[in-house]
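What the coordinates show
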Amino acid sequence: MFIVSLTYTCSITKIDEHLEAHVEYLKKQYAAGNFIASGRKVPRTGGVILARFDSREELDKALHLDPFYIENLVSYDIQEFIPTMVGEGLEAMRENA
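Residues numbered from 1 in each chain as written. Predicted model: local features only at pLDDT ≥ 70, side-chain atom pairs only at ≥ 80, totals over all residues. Heavy atoms only, no water.

**A short note on the environment of Gly47**
Assignment of secondary structure puts Gly47 in strand β3 (residues 46-51). Each C-alpha atom of the pair Gly47 and Val4 lies 8.2 Å from the other, and the pair is 43 residues apart in sequence. Setting aside chain neighbours within four positions, we find Gly47 in contact with Val4, Ser5, Leu6, Gly39, Arg40 and Lys41. (Helix = DSSP H or I, 4+ residues; strand = E, 2+ residues; numbered from the N terminus. Contact = heavy atoms within 4.5 Å.)

**Comments concerning the pairing of strand β1 (residues 2-8)**
Counting buried residues along β1, 5 of its 7 residues qualify, which places the element largely inside the surrounding structure. Relative to β3, β1 is paired through 6 bridges, and the arrangement is antiparallel. Across the sheet, Ser5 pairs through a bridge with Val48, a residue of β3. (Buried < 20%, exposed > 50% of the residue type's maximum accessible area, 1.4 Å probe, protein only. Pairing = 2+ DSSP bridges.)

**What about the sheet that holds strand β4 (residues 74-80)?**
Taking strand neighbours across the sheet as the criterion, the 4 strands line up as β2-β3-β1-β4 in an open arrangement whose pairing is antiparallel. Of all strands in the sheet, those with a lone pairing partner are β2 (35-40) and β4, marking the two edges. Within this sheet the neighbouring strands show an average axis-to-axis angle of 15 degrees, counted without direction. Here 5 bridges tie β2 to β3, and the two strands are oriented antiparallel to one another. Paired with Phe35 across the strands is Ala51, a residue of β3. The sheet strands contacting helix α1 (residues 12-31) are β1, β2, β3 and β4, and the helix crosses β2 at an angle near 165 degrees. (Axes fitted to C-alpha atoms, helices over the stretch in contact; angles between N-to-C directions.)

**With respect to the packing of aromatic side chains**
The final tally for this structure, using the stated rule, is 5 aromatic pairs. On the basis of an interplanar angle of 85 degrees and a centroid distance of 6.3 Å, the ring pair of Tyr8 and Phe68 is categorised as edge-to-face. Residue Tyr8 is found in strand β1, and its partner Phe68 is found in helix α3 (residues 67-70); the two are separated by 60 residues along the sequence. Phe68 matches Tyr8 in its accessibility class, with the two residues each being buried. (Phe/Tyr/Trp six-rings, centres within 6.5 Å; stacked < 30°, edge-to-face > 60°.)

**Examining the environment of Met1**
Take Met1: it is sitting in the segment before β1. Residue classification places Met1 among the buried residues on the basis of a relative accessible area of 8%. Not counting chain neighbours up to four residues away, the residues in contact with Met1 comprise Ile36, Ala51, Arg52, Gln79, Glu80, Phe81, Pro83 and Met93.

Spelled out as structure tokens, the structure:
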């Protein structure tokens, strides 16, 4: 599992110009089972994605399809982790679930 922290590197106006395409990208990743949760940071300086991939290389390939990446609008901080404990209803997120 990966935590992907996006930080905007441009104006919010520029982000908003590409937001619809970014949301379509997100929907495709959810449909493929790759993303578990996503949303904006508060304050609105970027976003966070919880992603499930078998490798960092697979994650990177998927992120390179993001319009925010293609347009060079964000920087990424990526942390891999293994969820060993989860809240009720989130058991499918646990390693070896």
